[in-house]
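# Working through the structure, step by step
Letter by letter, the chains look like this.
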Number of protein chains: 2
Amino acid sequence: MSCEQGFFKSLHGKGLRLTPQRKEILSALHELDQLATAEEIFQYTQRKSPHLDISTVYRTLELLKKFQIVTCLQGNDGQYRYELVHTHAPHVHLVCRLCGRVLEAAIDSLEPFVSCMQGQYGFQVDVNSLSVGGLCRECCARMR
Amino acid sequence: MSCEQGFFKSLHGKGLRLTPQRKEILSALHELDQLATAEEIFQYTQRKSPHLDISTVYRTLELLKKFQIVTCLQGNDGQYRYELVHTHAPHVHLVCRLCGRVLEAAIDSLEPFVSCMQGQYGFQVDVNSLSVGGLCRECCARMR
DNA sequence: TTCTCTGCAAAGACTTTGCAGTAGG
DNA sequence: CCTACTGCAAAGTCTTTGCAGAGAA
């Protein structure tokens, strides 16, 4: 698991440690392989490590975020959701404001925007953690 | 205040009422004239209406959101922030992930993306409530 | 008069923190 | 062996809800 190696290096560089709990959480993120809340990740770890605490999940996610191994976004409901950065192709999330469903979308068409923000405002967009609200096809249809 | 009239009509159409508290909150949004948290809006109302309760602020913002009079986004810190939809030109918010500062940016360059999401996924992007994470010019510079 | 709205207080949902014992490097 | 990490419990933060009295239409 190359991700774990990278994580270990990042940790080691700062005098931090690779514990079984951290491995377990990283592994849960891999296996879930989609946006997941801290609670969902926690539930997942419980099968194998029933003593792992949810506060450890939060602390580890915080760490993974710092090292840019996971990104995090907030859904409809205000909860944070996490996913590994490099397992899928880069994408943005489309979050429906009615049904809350989340789609992944390609980022090619975003290029002009990203360049423009860089050029005009010196702002470097985190494409990986972009979350876009709106109406999904189904909810659009339902509204007429 | 045309906004208030629109609000009144929306309310009246559903058998709801325009109360002094709701006026006060709408007025606070106008005068703050920028993204503000429920708490900030609440604080602002306290000068003139010290008995207005924060739960009323939350309930009113919910209502204003339903009528699309305000939009709401979540900043760096997980708090919701609100602003009136039609007082500024349409814009997106650039939220710096380090310093938390929020810039307003023009939306022209976003057009290809919006069309593409519509075409490919049938997803109708809420441009007005788009919040984009990244690094601002200053924080970018500070990182080297 | 009617029924929505408000203030108050309390509960709720999610996340963070303090601490003392545990264990990675 | 040192000090970061964990589980536990408790506290925090922001937001929502229940209720009885107040007040807009």
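Structure: see above.
Residues numbered from 1 in each chain as written. Chains lettered and ligands numbered in written order. Predicted model: local features only at pLDDT ≥ 70, side-chain atom pairs only at ≥ 80, totals over all residues. Heavy atoms only, no water.

### Observations regarding the environment of Gln124 of chain B
Within the secondary structure, Gln124 of chain B sits in strand E6 (residues 124-125). It is 7.4 Å that separates the C-alpha atoms of Gln124 of chain B and Val114 of chain B, two residues lying 10 residues apart in sequence. Ignoring anything within four residues of it in the chain, the contact list for Gln124 of chain B reads Gly133, Gly134, Leu135 and Cys140 of chain A together with Gln118 of chain B. (Helix = DSSP H or I, 4+ residues; strand = E, 2+ residues; numbered from the N terminus. Contact = heavy atoms within 4.5 Å.)

### Let's talk about the packing of helix H2 (residues 20-32) of chain A against helix H4 (residues 54-66) of chain A
Residue and element names in this part refer to chain A. Following both chains from N to C, one finds H2 and H4 inclined at 75 degrees, their axes separated by 10 Å at the closest point. In terms of their interaxial angle, H2 and H4 are classed as roughly perpendicular. Taking contact as the criterion, the partners of Gln21, Arg22, Ile25, Leu26 and Leu29 in H2 are, on H4, Thr56, Val57, Thr60, Leu61, Leu63 and Leu64. Broken down by class, the residue content of the contact of H2 with H4 amounts to seven nonpolar, three polar and one charged. (Axes fitted to C-alpha atoms, helices over the stretch in contact; angles between N-to-C directions. Parallel < 35°, antiparallel > 145°, perpendicular 65-115°, else oblique. Nonpolar A, V, L, I, M, F, W, Y, C, P; charged D, E, K, R; others polar.)

### A closer look at the sheet that holds strand E3 (residues 80-84) of chain A
All names here are of chain A. Spatially, three strands are ordered E1-E3-E2 in an open sheet, and the strand pairing comes out antiparallel. Only two strands of the sheet have a single partner each, and these edge strands are strand E1 (36-37) and strand E2 (70-74). Sitting on the sheet, H2 is in contact with E1, E2 and E3, with an inclination near 85 degrees to E3. Sheet strands in contact with H4 are E2 and E3, and its direction is about 110 degrees off that of E2. (Pairing = 2+ DSSP bridges.)

### Section: the nonpolar core
If you look at the biggest cluster of nonpolar residues, it comprises 34 residues, and the most contacted ones within it are Leu110 of chain A together with Leu110 of chain B. Elements with a minimum of two residues in this core: strand E4 (92-96), helix H5 (111-121), strand E7 (131-135) and helix H6 (137-142) of chain A together with strand E4 (92-96), helix H5 (111-121), strand E7 (131-135) and helix H6 (137-142) of chain B. Apart from the residues lying within four places of it in its own chain, the contact partners of Leu110 of chain A are Val92, Val127 and Leu130 of chain A together with Leu110 and Phe113 of chain B. (Core = buried A, V, L, I, M, F, W, Y, C linked by side-chain atoms within 4.5 Å. Buried < 20%, exposed > 50% of the residue type's maximum accessible area, 1.4 Å probe, protein only.)

### Describing the sheet that holds strand E3 (residues 80-84) of chain B
Residues and elements named next belong to chain B. What the three strands build is an open sheet, ordered E1-E3-E2; its pairing is antiparallel. The open sheet terminates on both sides in strands that have one partner only, identified here as strand E1 (36-37) and strand E2 (70-74). Judged from the five bridges that link them, E2 and E3 form a sheet pairing that is antiparallel. Its bridge partner being in E3, Cys72 is matched across the sheet by Tyr82. Along the sheet, helix H4 (residues 54-66) makes contact with E2 and E3, crossing E2 at roughly 110 degrees.

### Some points on the pattern of salt bridges
For the structure shown, the criterion picks out six salt bridges over all chains. Arg97 of chain A is paired through a salt bridge with Asp126 of chain B; the nearest N and O atoms lie 2.6 Å apart. Of this pair, Arg97 of chain A sits in the loop between E4 and strand E5 (102-105) while Asp126 of chain B sits in the loop between E6 and E7, placing the two residues on different chains. (Salt bridge = Lys/Arg side-chain N within 4 Å of Asp/Glu carboxyl O.)

### Some details on the protein's contact with DNA strand C
If you check the shell around DNA strand C, you find 21 residues, and the closest are Arg17 and Tyr58 of chain A together with Thr19, Arg22 and Thr56 of chain B. The share of sugar and phosphate among atoms of DNA strand C within 4 Å of the protein is 68%. Between Arg17 of chain A and DNA strand C, the recorded distance is 2.7 Å, taken from a side-chain N or O atom to a base nitrogen. The separation between a phosphate oxygen of DNA strand C and a polar side-chain atom of Gln79 of chain A is 2.8 Å. (Near = heavy atom within 4 Å. Polar contact = N/O pair within 3.5 Å; in protein donor to acceptor, adjacent residues only side chain to side chain.)

### A few points about the protein's contact with DNA strand D
Around DNA strand D lies a shell of 21 residues, among which Gln21, Arg22 and Thr56 of chain A together with Arg17 and Tyr58 of chain B are the nearest. Of all atoms in DNA strand D that approach within 4 Å of the protein, 69% are sugar or phosphate atoms. Between Arg22 of chain A and DNA strand D, the recorded distance is 2.5 Å, taken from a side-chain N or O atom to a phosphate oxygen. Taken together, the residues of the surface near DNA strand D sort by class into seven nonpolar, eight polar and six charged.

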